[in-house]
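The chain contents come next:
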Amino acid sequence: MVKRLSLPLLKELSTSSSLPTVEQLRQRLGGRLVDVSELPPPGRLVQLQQAGDERRLGVVLFTMQGRTDVLFERGLVRRTTSDQLFPALGSMPEALQKLSKSVQRFAAMNEGDEVRVLPPGETAGNEVACVLREKCRFGALVERADGGLLGVGFERVAPVQTPS
């Protein structure tokens, strides 16, 4: 059985007349990840067995308690079991390779890390320095320097580059 999940959209949060609570942000981002040390490495490219013999390419977001969430190119997430997943073979679309790298980059970050965040509505080059406070399934709660919290998708969070 495959459960369809959709990534939250900012407009869903903005329909309220007041600012969202931390708990609302956390839930929109899929809930907090608690014991990520037990999770297999996210970012793997896989094929998901669908109806009949059809297989669809996607990227593993995370696996927990026998369930795996797989992200596809257009932001669709499907929750499935490992018996429906197969290694991706052959050449992969560039968009999926980029998505895989984003997932791996986010998975390597830890709560408490200094990060750069591209706020919604901003363009590249306007990133804001923040601290990653909570990792969630689809993103993170980050704290700005002024103490404000933002809920952002994992693709908008990047580690602070340290000079080598």
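1. Quick notes on the confidence of the model for the protein
So, point 1. Here the protein averages 80 in pLDDT, while 82% of its residues score no lower than 70.
So, point 2. Per-residue pLDDT, averaged within each element of the protein, yields its smallest value for helix α1 (residues 10-13) (43) and its largest for strand β7 (residues 114-117) (94).
So, point 3. Taken together, the stretch residues 7-16 has pLDDT below 50 and engages in 12 contacts with residues farther than four places along the chain or on a different chain.

2. Points about the environment of glycine 66
So, point 1. Among the secondary structure elements, glycine 66 is positioned in the loop between β3 (55-64) and β4 (67-71).
So, point 2. Linking glycine 66 and threonine 81, residues 15 residues apart in sequence, is a C-alpha distance of 6.2 Å.
So, point 3. If near-sequence neighbours (up to four positions away) are discounted, glycine 66 is found in contact with Thr80, Thr81 and Ser82.

3. Considerations on the packing of aromatic side chains
So, point 1. Overall, the coordinates contain one aromatic pair when judged by the stated rule.
So, point 2. A centroid spacing of 6.2 Å and a plane angle of 45 degrees characterise the contact between phenylalanine 106 and phenylalanine 154, whose relative ring orientation is tilted. Taken together, the residues phenylalanine 106 in helix α3 (residues 94-107) and phenylalanine 154 in the loop between β10 (149-153) and β11 (157-159) connect sequence positions 48 residues apart. For the pair shown, phenylalanine 106 and phenylalanine 154 are each scored as buried.
So, point 3. If you follow arginine 56 out to its NZ or CZ, it ends over the ring of phenylalanine 72, 4.2 Å from the centre.
So, point 4. Here the basic side chain of lysine 135 rests over the ring of phenylalanine 106, its NZ or CZ set 4.9 Å away from the ring centre.

Calculation notes
Residues numbered from 1 in each chain as written. Predicted model: local features only at pLDDT ≥ 70, side-chain atom pairs only at ≥ 80, totals over all residues. Heavy atoms only, no water. pLDDT = per-residue confidence, 0-100. Helix = DSSP H or I, 4+ residues; strand = E, 2+ residues; numbered from the N terminus. Contact = heavy atoms within 4.5 Å. Phe/Tyr/Trp six-rings, centres within 6.5 Å; stacked < 30°, edge-to-face > 60°. Buried < 20%, exposed > 50% of the residue type's maximum accessible area, 1.4 Å probe, protein only. Lys NZ or Arg CZ within 6 Å of the ring centre and 35° of its normal.

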